[in-house]
Each structure stands twice: as C-alpha cells, then as structure tokens.
Amino acid sequence: MIPGGEVLTLGVFLAAFGAIALAVQSLSIRYGTITSDSSDALVVVLAVNILALVPAAFLFGSPIQELTLRALAAFSAAGLLGTMVGRAMHFEGIKRIGSSRAEPIKASQPLHASLIAVVVLGEVVTGGHLVSMIAIVLGIAIITYEHGRSDRSDAKNGYVGLAFPFTAAFFYGIEPTFAKLGFAEDVTVLTGLTVKTASASLGFLIYLWWTQGLPDLREVEKRELPWLVGAGVANTLFLLGYYGALALEPVSLVVPLVQSSPLVIILLSVLFVSDNLERITPRLVIGALVAVAGAIGVTLLS
C-alpha cells in the first residue's frame, strides 16, 4: 500500500516500468511480423521467457517444493488461457492492424473481467462502472471507425483484424482469476510465472505440431528475428515488473498504470516511428485516450 503523501513507491515504479516494457514489446512484435507469422513471434517470445524465468526460479527459490496441485492447476490454466491463447490473439492483432490500434482494444480487458464477474459471481455494476464501460466501448468505436476509413484496410487488415485484440482482451481478463488462486497457495512470483510460461509453451507447441508442424525459426526473416527476440526480452521484463508491482501494491493501483501502455505506444510511435506501419491520427489518439480512461475507471471502481 502507498503510505500517505508518498507517491513514487517501488510498486508504482515497477508498474510504470511494466507499461513501458509492454509498449516496447508491442512495437517490436509489429516490426518482427512484417513477413513472419504471429505464431513464430509467440514461439520466440515464449522461448525467451523460459530461458530467463526457469533458471531464475530455481536460483532464487525452490519451485518444486513450493507447488501444490491446486497452484499447479491454477497457473497452468492461466498460462493456457492468457499466455497462450490471449497472447496468440494479441500478436496476430498487432500484425494485422498495428500496435497503436490493437493495444487500446486489448486494454478493454477490465470490461470483460467485470462482465464475467457479473455473470459468474453475481457482482453488481454501479453507475460509475457503467459510465466507464461506455467510455471503453466509445473509445473502441472511434478506433474502429478510424481503422476502417484508413486506406491500409484490406481483406486481411480490415474490420476482421479487430476481432483478434477483442479476443485477446477476453482471455487476458480471465487469466488473473487463476493467477490469484495460484498465489493463494503461497507460491512466489517467479515460480508462478515459470509454471504459467511452461504450460503455455508446451500447449502451443503441441497445438502447432498437431495442426501445421513445428516452426523452423531458421526460416524467419533475419531482419525480423532481432525484433522478435527483443519482444521476448521486453515481455519478460513486463511480467517481472507487473507481478512485482502486484506483490507490493493493490490491483486498483497497478492495473491502471500498466494499462497506460497504449499511450506509451502512441508517444513512441510519434517520436521514433517514421514509416507507414504505425499511422497516428488525431482520432486514433482520442479513441485511445477514451478507451484507456474507461479501462482505468472500471479498475478503480472495482
């Protein structure tokens, strides 16, 4: 918790760091999937996660001794739903419509989480929640309109592409419930992240083997591979910052800070991106601001 008068705590710093890392990951995925498949991107990012998190978990803890069957099941479900399905949809959305458009739509995660809570847990939607949800829908509508009128919207990148970040937001909204069940078993952050990433990696590799065969990363465009590795490093840093912040500060503080990543993406795009991969327009900025404000409102009023 934040003591009175103290704003820049370690938890706040970690959450802000996580938002920046998430923005860097999204832009890296955009540049790493110009010709490569989003499935290649996910394999590379998961590989980097495994190479970084597994040794760290055993170096700083005892994952095997920590895990209970309930924690193992909870973090495995979080990995399969959020890390595998959610991230696969997220990456494909970035590839199709760009990170500056996909990220604000993905930030509607609290809307899905709230609706799930209403249906499953019987929670009540307050007036503030309703206004925030309307803001999310309005922001996404602005982004959808702006994307649809863009001259780069073809059969692949048009309205159909918007479905991918929507689906990612839904599965990202489910994941925290399972993570909370796992952490309730007194499991450390590194152990939880390791199980989550390992289950997602195994599940995705089995899916690829069953449907289209395992990918050959040697076929990835050499100019794009560094971007994918960079996305993996950024994603690993995001996970550490995000879960580290959650261990120190309440969810109502951490999640709004992390969900500011669409604004970071727009800022980075304006400052450093000079090509047509990320076209920043006034309507897009307004839509992102409205959607992020709604996501923050849903979280703060939870």
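The written sequence of each chain sets the order in which its residues are numbered from 1. The model is predicted, so local features are restricted to residues of pLDDT at least 70 and side-chain atom pairs to those at 80 or more, both for listing and for counting; the totals for chains, interfaces and linings are taken over all residues. For side-chain calculations, the full set of non-hydrogen atoms in the structure is used, while hydrogens and water are omitted.

## Some remarks on the overall build of the protein chain
As a reminder of what qualifies: Strands here are runs of E lasting at least two residues and helices are runs of H or I lasting at least four, both read from the DSSP assignment and numbered beginning at the N terminus. Think of it in three bands: residues with accessible area under 20% of the maximum for their type are buried, residues over 50% are exposed, and the middle band is partly exposed, with areas taken using a 1.4 Å probe on protein chains only.
When helices and strands are counted, the protein chain shows 13 helices and zero strands. Taken from the N to the C terminus, the helices and strands of the protein chain come in the order α-α-α-α-α-α-α-α-α-α-α-α-α. Per-residue burial for the protein chain yields a buried fraction of 52% across its 302 residues.

## A few points about the pattern of salt bridges
Keep this limit in mind: By convention in these notes, a salt bridge is any Lys or Arg side-chain nitrogen within 4 Å of a carboxyl oxygen on Asp or Glu.
Inspection of the entire model under this criterion finds three salt bridges. Here Glu185 and Arg70 are joined by a salt bridge, their closest N and O atoms 3.9 Å apart. Placement of Glu185 in the loop between helix H8 (163-183) and helix H9 (189-211) and of Arg70 in helix H4 (residues 69-97) is noted, with a sequence separation of 115 residues between them. Accessibility expressed as a relative area gives 25% for Glu185, which makes it partly exposed. We note a salt bridge from Glu92 to Arg96, for which the minimum N-O separation is 2.7 Å. Taken together, the residues Glu92 and Arg96, both in helix H4 and four residues apart, mark about one turn of the helix. Judged by relative accessible area, which is 13%, Glu92 ranks as buried.

## Digging into the packing of H4 against H9
The condition is simple: Here, axes are lines fitted to C-alpha atoms. For helices the fit covers the stretch in contact, and angles between N-to-C directions go from 0 to 180 degrees. Our angle categories are set so that under 35 degrees counts as roughly parallel, over 145 as roughly antiparallel, 65 to 115 as roughly perpendicular, and the remainder as oblique. When the near helix sits turned anticlockwise from the far one by under a right angle, the crossing is termed left-handed; a clockwise turn instead gives a right-handed crossing. Two residues qualify as a contact provided that any one of their heavy atoms is within 4.5 Å of a heavy atom in the partner residue.
The N-to-C vectors of H4 and H9 enclose an angle of 55°; their axes lie 7 Å apart at closest approach. Our classification of the angle between H4 and H9 gives oblique. By crossing handedness, the relation of H4 to H9 is classed as right-handed. Across from Leu72, Phe75, Ser76, Ala78, Gly79, Leu80, Thr83 and Met84 in H4, the residues of H9 making contact are Gly192, Val195, Lys196, Ser199, Ala200, Gly203 and Phe204.

## Some details on the packing of helix H2 (residues 38-60) against helix H10 (residues 225-248)
At their nearest, the axes of H2 and H10 sit 8 Å apart, and the two run at 50° to each other. As judged from the angle between their axes, H2 and H10 are oblique. Of the two possible hands of crossing, H2 and H10 adopt the one that is right-handed. Together, Asp40, Ala41, Val44, Val45, Val48, Asn49, Ala52 and Leu53 of H2 and Leu225, Leu228, Val229, Ala231, Gly232, Val233, Asn235, Thr236, Leu239 and Leu240 of H10 make up the contact between the two elements.

## Re helix H5 (residues 99-106)
Summarising burial for H5: eight of the eight residues are buried, a large majority. When we look at burial in H5, the residues that qualify are Ser99, Ser100, Arg101, Ala102, Glu103, Pro104, Ile105 and Lys106.

## Section: unusual backbone geometry
With a phi close to 60°, Asp186 is a non-glycine residue in the positive phi region. By secondary structure assignment, the location of Asp186 is in the loop between H8 and H9. Accessibility expressed as a relative area gives 67% for Asp186, which makes it exposed.

## A short note on the side chain of Ser199
Its location among the elements puts Ser199 in helix H9. Residues contacting Ser199, with those up to four places away along its chain left out, are Phe75, Ser76, Gly79 and Leu80.

## Quick notes on the confidence of the model for the protein chain
The test is simple: By definition, pLDDT measures how confident the predictor is in each residue, and it falls between 0 and 100.
Confidence in the prediction for the protein chain averages 78 pLDDT; 77% of positions are at 70 or higher. Ranking the helices and strands of the protein chain by mean pLDDT puts H2 first, with 91, and helix H6 (residues 109-121) last, with 64. Of the regions scoring below 50 in pLDDT, residues 1-5 engages in nine contacts with residues more than four places distant in sequence or in other chains. Note on residues 151-156: pLDDT under 50 across the span, and 15 contacts to partners over four residues away in sequence or across chains.

## Some thoughts on the packing of aromatic side chains
Keep this limit in mind: Stacked, edge-to-face and tilted labels apply to pairs of Phe, Tyr and Trp rings (six-membered ring for Trp) whose centres lie within 6.5 Å, assigned for plane angles under 30 degrees, over 60, and everything in between, in that order.
Applying the stated criterion across every chain yields a total of seven aromatic pairs. Judged by centre distance (5.1 Å) and plane angle (80°), the ring pair of Phe75 and Phe183 falls under edge-to-face. Here Phe75 is found in helix H4, whereas its partner Phe183 is found in helix H8, with 108 residues between them in sequence. Residue Phe183 is classed as partly exposed on the basis of its relative accessible area, which comes to 27%.

## A few points about H9
Selection rule: How far a helix is expected to stretch is found by multiplying one less than its residue total by 1.5 Å.
For H9, with 23 residues, the first-to-last C-alpha span of 33 Å sits near the 33 Å given by 1.5 Å per residue. At the C-terminal side of H9, Gly213 shows a positive phi close to 90°.

## With respect to the side chain of Arg30
Applicable threshold: Think of a polar contact as two N or O atoms within 3.5 Å of one another; within protein, one of them needs to be a possible hydrogen donor and the other a possible acceptor, and neighboring residues in sequence only count if both atoms come from side chains.
Within the secondary structure layout, Arg30 lies in helix H1 (residues 10-32). Arg30 gets classed as buried once you look at its relative accessible area, which sits at 5%. At 2.6 Å, the side chain of Arg30 forms a polar contact with the backbone oxygen of Lys95.

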